Amino acid sequence: MTTLLIVNGTVIGSAGPYAADVLVEGEKIAALFAPGRGPADVETIDATGKYVIPGAVDAHTHMELPFGGTFASDTFDTGTRAAAFGGTTTIVDFAVQRTGEVVQDGLAAWHGKAEGNCHVDYAFHMILGGVDDDSLKAMDQLVADEGITSFKLFMAYPGVFYSDDGQILRAMQRARDNGAVIMMHAENGIAIDVLVQQALARGETDPIHHGITRPQALEAEATSRAIRLAEVARDCPLYIVHLSASQALEEVAAARDAGRNVFAETCPQYLYLTLEDQLGAPGFEGAKWVCSTPLRSKHEPHRADLWKGLRSNDLAVVSTDHCPFCFKDQKELGRGDFSKIPNGIGGVEHRVDLVYQGVVDKQLSLARWVETIATTPARMFGLYPRKGVIAPGSDADIVLYDPAGTTRIGVDTHHMNMDHSAWEGYEIAGRVHTVLSRGTVVVDGDGNYHGRKGHGQYLRRGLSDYLL
Ligand code: URP
Ligand code: ZN
Ligand code: ZN
Ligand code: ZN
């Protein structure tokens, strides 16, 4: 069993930074000591000048997701290795029940993709592509036996993943009874499809029209409707995924101010990138940034409002919605028709650094940085205190973060299986220095990789401990 002591670092907890030495025994954190008070005769890692934070938890990834006639380009192997390089030591990916398929068969298929291939620990949410009597029953079984305690539904993508209001209400009622959280892709997909067909009929085929045909009003409307349906389902816990727009955030904030079990995440792309500058890039270039919900206009206050929401906890979590597609051969499927561009941006490697910019820019405290990328996602999705905190008994998933370092983001330096980067050329303050996954150093301070495929274990999750 390995024993090592991380010395001279500054641990970041929910109450803020404090000096402590962290003792790791085997796969667990064994103890915290006042600086210099730990055992003398053990191997040490010097964390002078570094923040010692819990390994980050990305609660929204899509490795190998089938979408738009192709598959997300990161496998569980390449994607979880890239996650490790970026300081993320747990992912919660989405197993998929396609319409007409048995829920448990979909889950088995996703276990088949992930098992033995992950470099860091992983868990699953379940996407319900068809709510009916059988899938409602399956929800209970997944919660009770499989460690799957959250279910994603779609108000978007009619004919693919879409659920109507009756199906949503039934799934919410079931979740209210079995303790699960309903995750919602909140966009009015029926209305969006009308706008898409009208745009294409006018010859508006460029990538920017993906964003223009998904106006924020249709995100806000769906968010509001989901909140109301959850209210009817006796305050079923509701978590809005990839929230991008000010008006949708207002709906969440109002529900939270009323004491409701309503939560939301945003993603780095919505904090930094815009409809005009990225999705509207010349020619077909904007296809790189086609994702849903879409990037929003820089002429409206979305980005500032999202940072504010992170401060106030109206946005509880930052996830990546990592769903990479290569430009060549994948994004290009939609040349001449934006509606055929596979939806998704890859970023599992960059969330820790990109949200840290909020600390640099005085948008977030250090404690809030760690909460939004690690502690709250762990709590929200039943992984706490095993994950998301530096505490005795927790898994020794630990990141040494160097605030004096810099990170250069681009296709030449990233480890994701993508032929481009959504943040190409970004040079930002801070650097993931050393990464431990369950007591093993997987990335060292020089950026060398020591992890391995198969180290990552499946995590059976408990119920959320974040609910009111
Ligand atoms: O564009 C996105 N977000 N692709 C992934 C699927 C989803 O809706 O989360
Ligand atoms: Zn979605
Ligand atoms: Zn509020
Ligand atoms: Zn997603």
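With an unreviewed UniProt entry as reference, the protein chain is termed Dihydropyrimidinase, source organism Virgisporangium aliadipatigenens. As stated in UniProt under Cofactor (unreviewed entry), the record for the protein chain gives "Zn(2+)". Per UniProt, the protein chain has the following entry under Sequence similarities (unreviewed entry): "Belongs to the metallo-dependent hydrolases superfamily. Hydantoinase/dihydropyrimidinase family."

Taken together, the 8 strands give an open sheet; going across it, the order is E8-E11-E12-E13-E14-E15-E16-E17, and neighbouring strands pair in parallel fashion. In the strand order of this sheet, the two ends are held by strand E8 (56–61) and strand E17 (317–318), each with one partner. Of the strand pairs in this sheet, E8 and strand E11 (residues 88–97) are connected by 4 bridges, and their pairing is parallel. Counterpart to Val57 in the pairing with E11 is Thr90. Sheet strands touched by helix H2 (residues 103–114): E11 and strand E12 (121–128). Its angle to E11, the strand with the most contacts, is close to 140 degrees.

With respect to topology, 4 strands assemble into an open sheet ordered E5-E4-E1-E6, the strand pairing being mixed. Here the strands that pair on one side only, and so sit at the sheet edges, are strand E5 (28–33) and strand E6 (43–46). Sheet twist, expressed as the mean angle between neighbouring strand axes with direction ignored, is 25 degrees. Pairing analysis gives 5 bridges linking strand E4 (residues 21–25) to E5, with the strands arranged antiparallel.

Under the feature "modified residue: N6-carboxylysine" (unreviewed entry), the UniProt entry names Lys152. Among the secondary structure elements, Lys152 is positioned in strand E13 (residues 150–154). The residues touching Lys152, leaving out its near neighbours within four places in the chain, are Phe94, His125, Ile127, Met183, His185 and Val241.

Under the present numbering, the feature "domain: Amidohydrolase-related" (unreviewed entry) in UniProt falls on residues 51–442. For the annotated span residues 51–442, helix accounts for 36% and strand for 20% of the residues, and the straight-line distance between the end C-alpha atoms is 17 Å.

The next thing to look at is the pairing of strand E14 (residues 181–185). Of all the 5 residues making up E14, 5 are buried; the element is thus mostly covered by neighbouring parts of the structure. Residues of E14 alternate between two faces, with Val181, Met183 and His185 on one and Ile182 and Met184 on the opposite face, all of them buried. In this sheet, E14 lies alongside E13 in parallel orientation, the contact comprising 5 bridges. Note on E14: the bridge partner recorded for Ser150 is Val181. Read as a crossover between parallel neighbours, the route from E13 over helix H4 (residues 165–178) to E14 is right-handed.

This part covers the site of ligand 1. Close to ligand 1 lie His62, His185, His242, Cys291, Ser292, Asp321, Cys323, Asn343 and Gly344. The residue makeup of the shell around ligand 1, split by class, is 2 nonpolar, 6 polar and 1 charged.

Rules used throughout
- Residues numbered from 1 in each chain as written.
- Chains lettered and ligands numbered in written order.
- Predicted model: local features only at pLDDT ≥ 70, side-chain atom pairs only at ≥ 80, totals over all residues.
- UniProt positions renumbered as here; feature names shortened; annotations may be inferred.
- Pairing = 2+ DSSP bridges.
- Helix = DSSP H or I, 4+ residues; strand = E, 2+ residues; numbered from the N terminus.
- Contact = placed C-beta atoms within 7 Å.
- Axes fitted to C-alpha atoms, helices over the stretch in contact; angles between N-to-C directions.
- Buried ≥ 20, exposed ≤ 12 C-beta atoms within 10 Å, placed from the backbone.
- Right-handed = clockwise from strand over helix to strand, strands pointing away.
- Near = placed C-beta within 6 Å.
- Nonpolar A, V, L, I, M, F, W, Y, C, P; charged D, E, K, R; others polar.

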